Amino acid sequence: MDRLKLKAVLGSHPHVQAVKSGELRSELFDLDFIEYTPTNTAFKPMVREQAFDVCEMAIVTYLMAKAHGKPLVLLPATMMGRFQHSYALYNPARGMLGPSDLEGKRVGIRSFTTTTGAWIRGILANDCGVNLDRIRWVTFEDPHVAEYVDTTERAPKDKKALEMLLDGGVDAVLGETSNDPKLKPLFPDPAAEAAKWFARRGVVPVNHLVVVTESLARSRPDVVAGIYDLLKQNKEQAGPAATPDFVPFGIEANRKPLELIVDYAFQQGLIPRRYAVEELFDATTRGLN
């Protein structure tokens, strides 16, 4: 059988370098990598047009794509996970602000549907008692999934989130970091807050996993399994996993973070119901560990 040539988009993570360089290869297929910087700019064409065969994807984008019947299949291969507490900023020149002070405030975020945004809002609502409906959300981009009805306020076209934070157009920003000394983290000690949150929840928030097109999954399940095996081999080759593991592979390793982000996405009206973890995968990818 001829080797398949597959169009692929993956970020430049240390644990995928051997696959991206061609050092690690499969006998069944070749991966033709297309670079997108930042990687999240590939998510919209993947969701809307299935522009690639294999693509890194934010988990909330995938959950919403699934809810709207997009022909994509998830692999339990995490490309990026991180604690989220440092991705919330405010401008102390306009008064001190903490997580519990956000109700009634204007909060900027790239898009309401970003995965980092969903994680932080979940933390604010479930761990800090914030009523998310009392926040005025200001967004800068369309959601990746066109069918989602975005009811947020749209920022002026020429404005960026951090710019608006500095000039007082918004009171806080989610999903951004900055070295600007004028800005401070909303959680006063983000590392300590993240450690406490992890001790309570036992979860490292996963941001990006990998999807393939449904047509590839149906026509060549062997190739889909081969993609996963190749990525897993690269992860193992890159060295022992950190504790906790920020890029877990396999259904069981991803179960707790997936259950939690499904909960948060449902609470925030991003998906119509809570999906069981098994529902997020197909017959092939459900068996990958």
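None of these values were measured; they are calculated from a predicted model.

**Concerning the pairing of strand β7 (residues 136–139)**
Then, in step 1: Of the pairings in the sheet, the one linking strand β6 (residues 106–109) to β7 comprises four bridges and is parallel in character. Residue pairing for β7: Ile-109 is matched across the bridge by Thr-139.
Then, in step 2: A crossover connection joins β6 to the parallel β7 through helix α4 (residues 115–127); in handedness this β-α-β unit is right-handed.
Then, in step 3: Taken together, the two bridges between β7 and strand β8 (residues 153–154) define a ladder with parallel strand orientation. The partner of Thr-139 across the bridge, within β8, is Arg-154.

**Considerations on the sheet that holds strand β5 (residues 88–90)**
Then, in step 1: Spatially, the six strands line up as an open sheet ordered β8-β7-β6-β9-β5-β10, and their pairing is mixed. Here the strands that pair on one side only, and so sit at the sheet edges, are β8 and β10 (184–185).

**Some details on α4**
Then, in step 1: Taking 1.5 Å per residue as the helical rise, α4 with its 13 residues ought to reach 18 Å, and the 17 Å between its terminal C-alpha atoms agrees with that figure.
Then, in step 2: Burial analysis of α4 places 10 of its 13 residues in the buried class, the great majority of the element.
Then, in step 3: Those residues of α4 that fall on the buried side of the exposure criterion are Thr-115, Thr-116, Gly-117, Ala-118, Trp-119, Ile-120, Arg-121, Gly-122, Ile-123 and Leu-124.
Then, in step 4: N-cap assignment for α4: the residue whose side-chain oxygen lies 3.2 Å from the backbone N of Gly-117 is Thr-114.

**Focus: the packing of helix α3 (residues 59–67) against helix α9 (residues 251–267)**
Then, in step 1: Between α3 and α9, the least distance of the axes is 11 Å, while the angle of their chain directions is 65 degrees. Taken as a pair, α3 and α9 cross one another with a handedness that is right-handed. When α3 is examined against α9, the residues Ile-59, Val-60 and Leu-63 are found in contact with a partner set consisting of Leu-258, Ile-261, Val-262 and Ala-265.

**Quick notes on the pattern of salt bridges**
Then, in step 1: A full pass over the atoms with the stated rule returns 21 salt bridges.
Then, in step 2: The salt bridge involving Lys-159 is made with Glu-163; its shortest N-O contact spans 3.9 Å.
Then, in step 3: You can call Lys-159 partly exposed: its relative accessible area is 27%.
Then, in step 4: When its relative accessible area of 37% is taken as the criterion, Glu-163 is described as partly exposed.
Then, in step 5: A salt bridge links Glu-252 to Arg-255; the shortest N-O distance between them is 2.8 Å. Of this pair, Glu-252 and Arg-255 both sit in helix α9, three residues apart, roughly one helical turn.
Then, in step 6: Relative accessible area serves as the criterion here: at 19%, Arg-255 is assigned to the buried category.

**Describing the side chain of His-208**
Then, in step 1: When you line up the elements, His-208 lands in strand β11 (residues 206–213).
Then, in step 2: Assessed through its relative accessible area of 10%, His-208 is described here as buried.
Then, in step 3: Looking at His-208, its side chain comes within polar contact range of the side chain of Glu-56, at 2.7 Å.
Then, in step 4: Those residues in contact with His-208, other than ones at most four positions away along the chain, are Phe-43, Glu-56, Met-57, Ala-58, Ala-77, Thr-78, Met-79 and Met-80.

**Concerning unusual backbone geometry**
Then, in step 1: A cis geometry characterises the amide bond from Thr-37 onward to Pro-38, with omega recorded as -10 degrees.
Then, in step 2: In this chain, Thr-243 is followed by Pro-244 through a cis amide linkage whose omega measures 0 degrees.
Then, in step 3: Of note in the backbone geometry, Gln-50 takes a positive phi value of approximately 50 degrees without being a glycine.
Then, in step 4: Residue Gln-50 is classed as partly exposed on the basis of its relative accessible area, which comes to 26%.

**Observations regarding the sheet that holds strand β1 (residues 4–9)**
Then, in step 1: In space, the five strands of this open sheet follow the order β2-β1-β3-β11-β4, with mixed pairing throughout. Whereas interior strands pair on both sides, the edge strands pair on one side only; in this sheet they are β2 (29–33) and β4 (72–81). Averaged over all pairs of adjacent strands, the angle between their axes in this sheet comes to 30 degrees, without regard to strand direction.
Then, in step 2: With two bridges connecting them, β1 and strand β3 (residues 54–58) associate as parallel partners. Its bridge partner lying in β3, Ala-8 is registered against Val-54.
Then, in step 3: Across the face of the sheet, helix α8 (residues 221–237) comes into contact with β1, β2, β3, β4 and β11 while running at roughly 5 degrees to β4.
Then, in step 4: Sheet contacts for α9: β4 and β11; angle to β11, the most-contacted strand, approximately 120 degrees.

**Focus on the nonpolar core**
Then, in step 1: If you look at the biggest cluster of nonpolar residues, it comprises 56 residues, and the most contacted ones within it are Ile-59 and Leu-280.
Then, in step 2: Broken down by element, this core gets its largest block of residues, seven residues, from α9.
Then, in step 3: Beyond its immediate chain neighbours, meaning those up to four positions away, Leu-280 contacts Tyr-62, Leu-63, Lys-66, Leu-74, Leu-258, Val-262 and Tyr-275.
Then, in step 4: Membership of the second largest hydrophobic core comes to 26 residues, among which are Val-19, Leu-216, Phe-249 and Leu-288.

**Topic: the environment of Asp-150**
Then, in step 1: Along the chain, the position of Asp-150 falls in the loop between β7 and β8.
Then, in step 2: Under the relative-accessibility criterion, Asp-150 is labelled partly exposed at 23%.
Then, in step 3: Separated by 37 residues in sequence, Asp-150 and Thr-113 place their C-alpha atoms 8.9 Å apart.
Then, in step 4: Excluding residues within four positions of it along the chain, Asp-150 makes contact with Thr-139, Glu-141 and Pro-143.

Thresholds applied
- Per chain, residue numbering runs from 1 following the sequence as it is written.
- For this predicted model, a pLDDT threshold of at least 70 governs which residues receive local features, and a threshold of 80 or more governs which side-chain atom pairs are given and counted, while totals over whole chains, interfaces and linings are taken from all residues.
- The side-chain values count all of the structure's non-hydrogen atoms but skip hydrogen atoms and water molecules.
- A pair of strands is considered paired only if DSSP assigns at least 2 bridges between the two.
- The helix and strand labels rest on DSSP assignments: H or I over at least four residues marks a helix, E over at least two residues marks a strand, and numbering proceeds from the N terminus.
- When the strands point away from the viewer, a crossover counts as right-handed if the route from the first strand across the helix to the second turns clockwise.
- To estimate how far a helix should reach, multiply one less than its number of residues by 1.5 Å.
- Summary of the burial criterion: residues with accessible area below 20% of their type's maximum are buried, those above 50% are exposed, and those between are partly exposed, where the area comes from a 1.4 Å probe applied to protein chains only.
- In protein, a polar contact requires one atom able to donate a hydrogen and another able to accept it; more generally it is a pair of N or O atoms within 3.5 Å, and residues adjacent in sequence count only if both atoms are side-chain atoms.
- A fitted line through C-alpha atoms serves as each axis, taken over the contacting stretch for helices, and the angle formed by two N-to-C directions is quoted from 0 to 180°.
- Crossing handedness is defined as follows: a turn of the near helix away from the far one that is anticlockwise and smaller than a right angle gives a left-handed crossing, while the clockwise case is right-handed.
- In what follows, residue pairs with any heavy atoms lying within 4.5 Å of each other are defined as contacts.
- Salt bridge, as applied in this entry: a Lys or Arg side-chain nitrogen positioned within 4 Å of an Asp or Glu carboxyl oxygen.
- Only buried Ala, Val, Leu, Ile, Met, Phe, Trp, Tyr and Cys residues count toward a nonpolar core, and they belong to the same one when joined by side-chain atoms within 4.5 Å.

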